[in-house]
Amino acid sequence: MPIKIPDHLPAKEVLENENIFVMDESRAYRQDIRPLRIAILNLMPTKETTESQILRLLGNTPLQVEIVLLHPRSHTSRNTSAEHLEMFYKTFDEIKNRRFDGMIVTGAPVEQMEFEEVNYWEELQEIFEWSKTHVTSTLHICWAAQAGLYHHFGVQKTYLEKKCFGVFSHRINIPNVKLLFGFDEGFHVPHSRHTDVERADIEANPELHILAESPEAGIYLVATRDGKQIFVTGHSEYDPWSLKWEYDRDIAKGLEIELPVNYYPNNDPSLDPPSTWRAHANLLFSNWLNYYVYQETPYDIDQQTEFVYQI
Ligand SMILES: CC(=O)SCCNC(=O)CCNC(=O)[C@H](O)C(C)(C)COP(=O)(O)OP(=O)(O)OC[C@H]1O[C@@H](n2cnc3c(N)ncnc32)[C@H](O)[C@@H]1OP(=O)(O)O
Ligand SMILES: N[C@@H](CCO)C(=O)O
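Residues numbered from 1 in each chain as written. Chains lettered and ligands numbered in written order. Predicted model: local features only at pLDDT ≥ 70, side-chain atom pairs only at ≥ 80, totals over all residues. Heavy atoms only, no water.

Caption draft 1: Spatial organisation of the site of ligand 2. Residues in contact with ligand 2, as listed here, are Pro109, Glu111, Lys163, Ser192, His194, Tyr238, Glu246 and Arg249. Lys163 places a polar side-chain atom, nitrogen or oxygen, 2.6 Å from an oxygen atom of ligand 2. The separation between a nitrogen atom of ligand 2 and a polar side-chain atom of Glu246 is 3.2 Å. Surface burial for ligand 2 is 87%, taken as the share of its 260 Å² of free accessible area covered by protein chains. Broken down by secondary-structure element, the contributors of at least two residues to the shell around ligand 2 are strand E9 (186-197) and helix H9 (242-252). Grouping the amino acids of the shell around ligand 2 by side-chain chemistry returns 2 nonpolar, 2 polar and 4 charged. (Near = heavy atom within 4 Å. Polar contact = N/O pair within 3.5 Å; in protein donor to acceptor, adjacent residues only side chain to side chain. Areas by Shrake-Rupley, 256 points an atom, 1.4 Å probe, with all protein chains shown as cover. Helix = DSSP H or I, 4+ residues; strand = E, 2+ residues; numbered from the N terminus. Nonpolar A, V, L, I, M, F, W, Y, C, P; charged D, E, K, R; others polar.)

See the structure below:
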């Protein structure tokens, strides 16, 4: 939440220069407050695990957040029960006449097929188009980041020779961007993917900015200039155990898989992996909710306004 301080207090300029978000009294007085409406399009097979991971991060804010869980109607889930979906989820058709302050689109284990082979691709494209007019800011995670970059900007994914698997160190590329407020210069994020996006393909589009990346794992955070679309190639939302489950699963299946990098103490898979990315994950989600959703969305959500923020 922003600090509200008197309009002409000298500390206002000092804090603004340090990138602390300060709201003067006159703006604070004018600001109306209501719960934020966030849609979560959950494409993961392990939907219940992902629900906890994302809600844990969205819950770490003083803002009230109202959640609408979505699943693609054009896909029959193998790993989540129909009862669970019936009880807790809606489909796009049921909500497409509403507007949302924010939307999160999760990853999905379909990255090794072409986008057009994914059976809900057409529906996802329809949702991506709708998000441009009905959602203030959309956060795309892992495969959804690749899908969104491809749909909106024609960025192709590329196949990695070896799975990018582990916890990698990252650095900030552009200082003073609100999504990265409070971040340390170096921070850690898990990645778990067989595909990638190329720097040159992102840089070729002047609308896109690479906000953070990793020398080993590559591009991590990309945003449009107005912050309306955020693309996150890693899994900051993962639990400490998520990479272990994936590693154990692949070993049990007899798949070729190396130990996740920089994960187990002494690279010993019998030892408990510590979480080294939780603080960053919380900050990423609360910065997004605060600066890209809450501060930008209109009080009357059905009223369309232009974004004022520019990176
Ligand atoms: C790059 C990223 O975004 S990473 C994020 C993805 N990571 C994860 O999902 C990690 C957790 N997932 C898992 O561990 C595994 O997917 C498991 C254990 C749940 C299932 O593994 P498997 O049995 O080998 O795969 P399965 O055959 O069930 O297919 C996996 C998923 O892909 C879906 N899928 C397969 N083919 C298609 C297709 N053509 N179009 C759309 N979805 C497809 C399956 O339907 C299933 O998803 P669902 O449960 O929502 O229906
Ligand atoms: N994180 C994914 C990558 C495959 O899409 C997994 O290992 O399940």
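Caption draft 2: Fine view of the site of ligand 1. With respect to spatial proximity, 26 residues lie near ligand 1, and among them His75, Arg78, Asn79, Arg249 and Lys253 are the closest. Between ligand 1 and His75, the relevant distance is 2.8 Å, taken from an oxygen atom to a side-chain nitrogen or oxygen of the residue. Take Trp143: an N or O atom from its main chain is 3.0 Å from an oxygen atom of ligand 1. Taking 1000 Å² as the accessible area of ligand 1 by itself, protein coverage stands at 79%.

Caption draft 3: Here's a closer look at the sheet that holds strand E4 (residues 65-70). A sheet is described by the order of its strands in space; here 10 strands give the open sequence E5-E4-E3-E6-E7-E12-E11-E10-E8-E9, paired in mixed fashion. Here the strands that pair on one side only, and so sit at the sheet edges, are strand E5 (89-90) and E9. As paired elements, strand E3 (residues 36-41) and strand E6 (residues 100-105) share 4 bridges and run parallel to each other. Within E6, the position partnered with Ile40 by the bridge is Ile104. In the packing of H9 onto the sheet, contacts are made with strand E8 (157-172) and E9, and the angle to E8 comes to roughly 155 degrees. (Pairing = 2+ DSSP bridges. Contact = heavy atoms within 4.5 Å. Axes fitted to C-alpha atoms, helices over the stretch in contact; angles between N-to-C directions.)

Caption draft 4: Expanded view of the nonpolar core. Counting residues in each nonpolar core, the largest one holds 37 residues, and the members touching the most others are Leu58, Leu179, Leu221, Ile230 and Trp288. Mapped by element, the contributors of at least two residues to this core are E3, helix H3 (47-58), strand E7 (135-141), E9, strand E10 (208-214), strand E11 (218-224), strand E12 (229-232) and helix H10 (278-294). Tallying contributions element by element places H10 first for this core, with 9 residues. When residues no more than four places from it in sequence are discounted, the contact partners of Leu221 are Leu179, Leu180, His209, Ile210, Leu211, Ala212, Ile230, Phe231, Val232 and Leu284. In this structure, Met103, Phe115, Trp130 and Tyr150 belong to the second largest nonpolar core, which totals 25 residues. (Core = buried A, V, L, I, M, F, W, Y, C linked by side-chain atoms within 4.5 Å. Buried < 20%, exposed > 50% of the residue type's maximum accessible area, 1.4 Å probe, protein only.)

Caption draft 5: The packing of aromatic side chains, seen in detail. For the structure on display, the rule yields 14 aromatic pairs. Ring centres of Tyr120 and Trp143 lie 6.1 Å apart, and the angle between their planes is 90 degrees; this geometry places the pair in the edge-to-face category. Of this pair, Tyr120 sits in the loop between E6 and helix H6 (121-134) while Trp143 is found in helix H7 (residues 143-153), placing the two residues 23 residues apart along the sequence. Both residues of the pair, Tyr120 and Trp143, belong to the buried class. Between Phe187 and Tyr220, the aromatic rings sit 6.1 Å apart at their centres with planes inclined by 55 degrees, giving tilted as the arrangement. Of the two residues, Phe187 is situated in strand E9 and Tyr220 in strand E11; the sequence distance between them amounts to 33 residues. Each member of the pair, Phe187 together with Tyr220, is buried. Clustering of aromatic rings is evident, with ring pairs tying together Phe115, Tyr120, Trp121, Trp143 and Tyr150. Residue placement shows Lys157 over the ring face of Phe115; its charged tip is 4.4 Å from the ring centre. Between the NZ or CZ atom of Lys163 and the centre of the ring of Phe165, over which it lies, the distance is 4.5 Å. (Phe/Tyr/Trp six-rings, centres within 6.5 Å; stacked < 30°, edge-to-face > 60°. Lys NZ or Arg CZ within 6 Å of the ring centre and 35° of its normal.)

All quantities given are derived from atomic positions and should not be read as evidence of function.
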